[in-house]
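Structure at a glance
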Amino acid sequence: MALARTTVHRDLLRVFALTLVWLFAIPAATLVFTEYALRSQDAAFLQSVEKRIAGDARLSAADKAEATGFYRSHPLSTACDATTPEDRNFHDKVCSPYSMQWQFHWADRAALWTIGLGAALLVAALVLGALAFANRGLRYASFVAGWRLMTVSSALEVVLQSAMLVWLSFWLTAYFWQSYYIKLIALAGIAAGAAVFYAIYTLFRKLPSGNEIEGELIAQADAPRLWERVRQLAGRVKTAPPDQIVAGIDTSFFVTEAPCEVQGRALKGRTLFVSVPLLRVLDQAEADAVLAHELAHLGGGDTRSSAALGPKLLQFDQYTWKMRSGGLTIVAHYLLRLYRMIFAFALARDSREREYRADRVAAGLTAPHAIVQSLIKISAYASYRNDVEHQLFAQNRQHDGALGIAGFVADGLPPYARSEAFIEAMKTADVPHPYDTHPPLLERMRNVGHHVPEAAYGAIVATVPQASWADEIETAHAIEQRLWGAYEQRFVQNHELSLAYRCEPATEEERAVVLRHFPPVGFALKGGNRIDVSYAGLQTTADGGAFIAWDEVKGLTYKDSSFGDTLVVTHHDKGMLGARTTKVKLAGLGKQKDNFKAAAGQYWQRHQIMRARQQQAQD
């Protein structure tokens, strides 16, 4: 726990530091440059004007003194701010629109305003984040306000800083070296334009909610006693019963009032999710405690709050991470992420309090030992199932047919509960839940006033219930079969893809797996030549038919040219003048360029992952 808190605090400090960098680096650089240039121009202008005044024989000594005094009290850098009638002539002469002086003046102001906006947004993030700790109502209001303020203002930050970057790409070289570089300006302009478009497009784009539950509806006719028991418990909690019960194979129970989707069907109202595998390891009293706990969330307004806040949190998170992948939009990403982290601390604290309250309600309606034993069993089942799946996924051979994960877990759980590894795993176990950060098991025991020593965990987990609520669901077995079948099919597919990434391959079986996911890809080049990308490397028919194995590749650089593109391969070993490189001519690649880049990058990445896994296994 201490290590976790240290990691969280370290992450928060890191994100805060990166927020400062990305919020202020470009406007601060612009401000330093414009202030330096304006002060330098002030000195040069005054020196030039004084020299001209001193050499003007038509002026009397008094006129010279008056003119010199005027220009000393009116530096060039203040010309664009001059508004009085007597200063108007001075303004018009040196600060005409789009002139150098005019540009530096407004760039200087824009930098100051952007720094001010960044500081205001940083303060707003901290203040709104702090308000989230007050209470549930204020938390929702603060997040809605923060969501709108942060997303719109961060998009404005992207626009302002992108404009500054383009301006700097011209004036930095033009001011110091009296020259400018079209390519540099073009690159900055393209990056800025893309970032502005991406930020504004993402801001107004409707993002998916992604609130799909994997399970099947339980009709009242298929489980009348379970439905009746849920209604009884809801009455005792003094809340309305759920509108629907969904059964699945996940290792958790939960309730939600957010709109969701089950098997393509949209659901509204109150939804209770029950795990059939967990119902099989809980006796009815333990399951009643879990159901009462979940219904207490409905009665306490927890799910209503989550239903209102959840979709907004999801959309905010999606927008935040999209800002990381849009190039210059990263200037907004870390500010949004900082605000979200602060808000997450408030949600975590509230989540713990909600869990404590729901546990106390469940303990009062059933028995303290029932809720504690259910927590132990759920933690143990989730931990053991995770271990089983991890071991299956780590196997370096392809899985054939059904895996039988449910049977492995059910049969292996009692022996696992008697092993030494079980107690060590339970010391850090949390009860899984899709929405909340749950408190540790020991804290939840103290909360309900019933402590179970670690030595007794195994006996509790190994006890087979005499009767369970799963037995009262007529469709439970069929639901499990369908869901486990679909789950294991996805598991096998993901495992095979993982094998394709981590196999060298060293056998024909491994080679067949790799080739299914990474078949050779060929690209036609000019003059009847071609270049082939495979899991082994790059093969070109040009220049004598060179083959470059991925083991030889340290880096890949694609260079565009009017005379034919080139792939520069940097090798691990050194040449006469530094790192050795090989240039692969790609003349005639044309419209295939993007596909070639994607294939070369993906196949090289596969090889790197494979070698890294081999090294990890040796270590």
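In what follows, the accompanying structure is described. Small disclaimer: the values here were computed from a predicted structure and weren't measured.

Description of the overall build of the protein chain
- Counting its regular elements, the protein chain contains 19 helices and 13 strands.
- Burial statistics for the protein chain: of 619 residues in total, 45% are counted as buried.
- For the protein chain, long-range pairs separated by at least 24 residues make up 71% of all intrachain contacts whose partners lie at least 6 apart in sequence.
- If you sum the accessible surface of the protein chain, you get close to 31,200 Å²; carbon and sulfur atoms cover 58% of it.

Concerning the pattern of salt bridges
- Evaluation of the coordinates by the stated rule reveals 19 salt bridges.
- Note that Arg 280 and Glu 480 form a salt bridge whose closest N and O atoms lie 2.7 Å from each other. Linking Arg 280 in helix 8 (residues 276-281) with Glu 480 in helix 17 (residues 476-502), this pair joins segments that are 200 residues apart in sequence.
- The class for Arg 280 is partly exposed, based on a relative accessible area of 33%.
- Among the salt bridges present, the one from Asp 560 reaches Lys 593, with a minimum N-O distance of 2.9 Å. One end of the pair, Asp 560, is in the loop between strand 11 (553-559) and strand 12 (566-575); the other, Lys 593, is in helix 19 (residues 593-618), with 33 residues separating them in the sequence.
- A relative accessible area of 23% places Lys 593 in the partly exposed class.

Some points on the side chain of Arg 270
- With respect to the helices and strands, the residue Arg 270 is situated in the loop between strand 5 (265-267) and strand 6 (271-275).
- In terms of polar contacts, Arg 270 uses its side chain to reach the side chain of Thr 239, at 2.8 Å.
- Only 2.5 Å separates the side chain of Arg 270 from the backbone oxygen of Ala 240, close enough to count as a polar contact.
- Excluding anything up to four places from it in sequence, Arg 270 contacts Thr 239, Ala 240, Pro 241, Pro 242, Asp 243, Gln 244, Thr 256, Glu 257 and Leu 298.

Quick word on the packing of helix 12 (residues 368-394) against helix 17
- Helix 17 packs onto helix 12 with a crossing angle of 45° between their chain directions and a minimal axis gap of 9 Å. When the axes of helix 12 and helix 17 are compared, the pair comes out oblique. In this structure, helix 12 meets helix 17 at a crossing whose hand is right-handed. Of the residues in helix 17, those in contact with Tyr 381, Arg 385, Glu 389, Leu 392, Phe 393 and Ala 394 of helix 12 are Trp 484, Tyr 487, Phe 491, Asn 494, His 495, Ser 498 and Arg 502.

A look at the sheet that holds strand 6
- Taken in spatial order, the four strands line up as 1-2-6-3 in an open sheet, and their pairing is mixed. Bordering the open sheet on either side are strand 1 (216-217) and strand 3 (254-256), each of which pairs with just one other strand.
- Taken together, the three bridges between strand 3 and strand 6 define a ladder with antiparallel strand orientation. Residue pairing in the sheet places Phe 254 in a bridge with Phe 273 of strand 6.

Here we look at the sheet that holds strand 8 (residues 530-533)
- Taken in spatial order, the four strands make up an open sheet running 7-8-9-10, and their pairing is antiparallel. At either margin of the open sheet sits one strand with a lone partner, and together these are strand 7 (521-524) and strand 10 (547-549). Across the sheet, the mean angle from the axis of one strand to that of its neighbour is 15°, orientation sign disregarded.
- Where strand 7 and strand 8 come together, four bridges link them in antiparallel fashion. Looking at strand 8, one finds that Phe 523 is bridged to Ile 531.
- The strands touched by helix 19 within the sheet are strand 7 and strand 8, with strand 8 carrying the most contacts at an inclination of about 35°.

Things to note about unusual backbone geometry
- For the bond running from Glu 504 to Pro 505, omega is 0°, close enough to zero to count as cis.
- Position of Pro 505 relative to the elements: it lies in the loop between helix 17 and helix 18 (508-517).
- The backbone of Lys 238 shows a phi angle near 65°, a positive value even though the residue is not glycine.
- In this fold, Lys 238 is placed in the loop between helix 7 (224-237) and strand 2 (244-248).

Points about the nonpolar core
- Val 274 and Ile 376 are the most contacted members of the largest nonpolar core, which totals 67 residues.
- Excluding its chain neighbours within four sequence positions, the residues that come into contact with Val 274 are Ile 218, Ile 245, Val 246, Ala 247, Gly 248, Ser 252, Phe 253, Leu 279 and Leu 291.
- Judged by nonpolar contacts, the second largest core, of 27 residues, contains Val 513, Val 553, Phe 596 and Trp 604.

Topic: the layout of surface pockets
- In this model, the second largest pocket occupies a volume close to 290 Å³.
- Along its surface, the second largest pocket is lined by 16 residues, and Pro 277, Arg 280, Val 281, Ala 410 and Leu 413 are the ones closest to its centre.
- Broken down by secondary-structure element, the contributors of at least two residues to the lining of the second largest pocket are helix 8, helix 13 (405-417), helix 16 (457-462) and helix 17.
- No other element matches the five residues that helix 13 contributes to the lining of the second largest pocket.
- A breakdown of the residues in the lining of the second largest pocket according to their chemical character gives twelve nonpolar, two polar and two charged.

Side note on the pairing of strand 2
- The buried fraction of strand 2 is high, at five of five residues.
- Burial along strand 2 is two-sided: the face carrying Gln 244, Val 246 and Gly 248 and the face carrying Ile 245 and Ala 247 are both buried.
- Across two bridges, the pairing between strand 1 and strand 2 is antiparallel. The residue bridging Glu 216 from the neighbouring strand is Ala 247, located in strand 2.
- Bridge analysis of strand 2 against strand 6 gives five bridges, and the strand direction is parallel. Across the sheet, residue Gly 248 finds its bridge partner in strand 6, namely Ser 275.

What counts, and at which threshold
Think of each chain on its own: its residues are numbered from 1, step by step along the sequence as written. Residue-level local features of this predicted model are given only where pLDDT is at least 70; pairs of side-chain atoms are given and counted only at 80 or more, and the full residue set underlies all totals for whole chains, interfaces and linings. Note that the side-chain values use all heavy atoms of the structure and ignore hydrogens as well as water. Each helix is a run of DSSP H or I of at least 4 residues and each strand a run of E of at least 2, with the numbering of both proceeding from the N terminus. For each residue, the accessible area found with a 1.4 Å probe, counting protein chains only, is set against the maximum for its type, and the residue is called buried under 20%, exposed over 50%, and partly exposed in between. Only heavy atoms enter the contact rule, under which two residues are in contact if any of them lie within 4.5 Å. Per-residue and other accessible areas were derived by the Shrake-Rupley procedure at a 1.4 Å probe size, with only the shown protein chains allowed to occlude residues. What counts as a salt bridge is simple: a side-chain nitrogen of Lys or Arg found within 4 Å of a carboxyl oxygen of Asp or Glu. Under this definition, polar contacts are N or O atom pairs within 3.5 Å; protein pairs additionally need one hydrogen-donor-capable and one acceptor-capable atom, and for neighbouring residues in sequence, both atoms have to be side-chain atoms. Angular values range over 0 to 180 degrees, each being the angle between N-to-C directions of two axes fitted as lines to C-alpha atoms, with helices fitted over their stretch in contact. When an angle is under 35 degrees it counts as roughly parallel; over 145 it counts as roughly antiparallel; between 65 and 115 it counts as roughly perpendicular; any other value is oblique. In this scheme, a crossing is called left-handed if the near helix is turned counterclockwise away from the far one by less than a right angle; it is called right-handed if the turn is clockwise. Should DSSP find at least two bridges between two strands, the strands are regarded as paired. The definition of a nonpolar core used throughout is a set of buried Ala, Val, Leu, Ile, Met, Phe, Trp, Tyr and Cys residues joined through side-chain atoms within 4.5 Å. Any residue with an atom within 4 Å of a point lines the site, the site being either a cavity, points on a 1 Å grid over the protein atoms alone where a 1.4 Å probe fits but cannot get out, or a pocket, an open set with protein on both sides within 12 Å along at least 5 of 7 lines. Grid points are joined across faces, edges and corners, and a volume is the space filled by probe spheres set on the points. Following the grouping adopted for this structure description, the nonpolar residues are Ala, Val, Leu, Ile, Met, Phe, Trp, Tyr, Cys and Pro, the charged ones are Asp, Glu, Lys and Arg, and the polar ones are all others, Gly among them.

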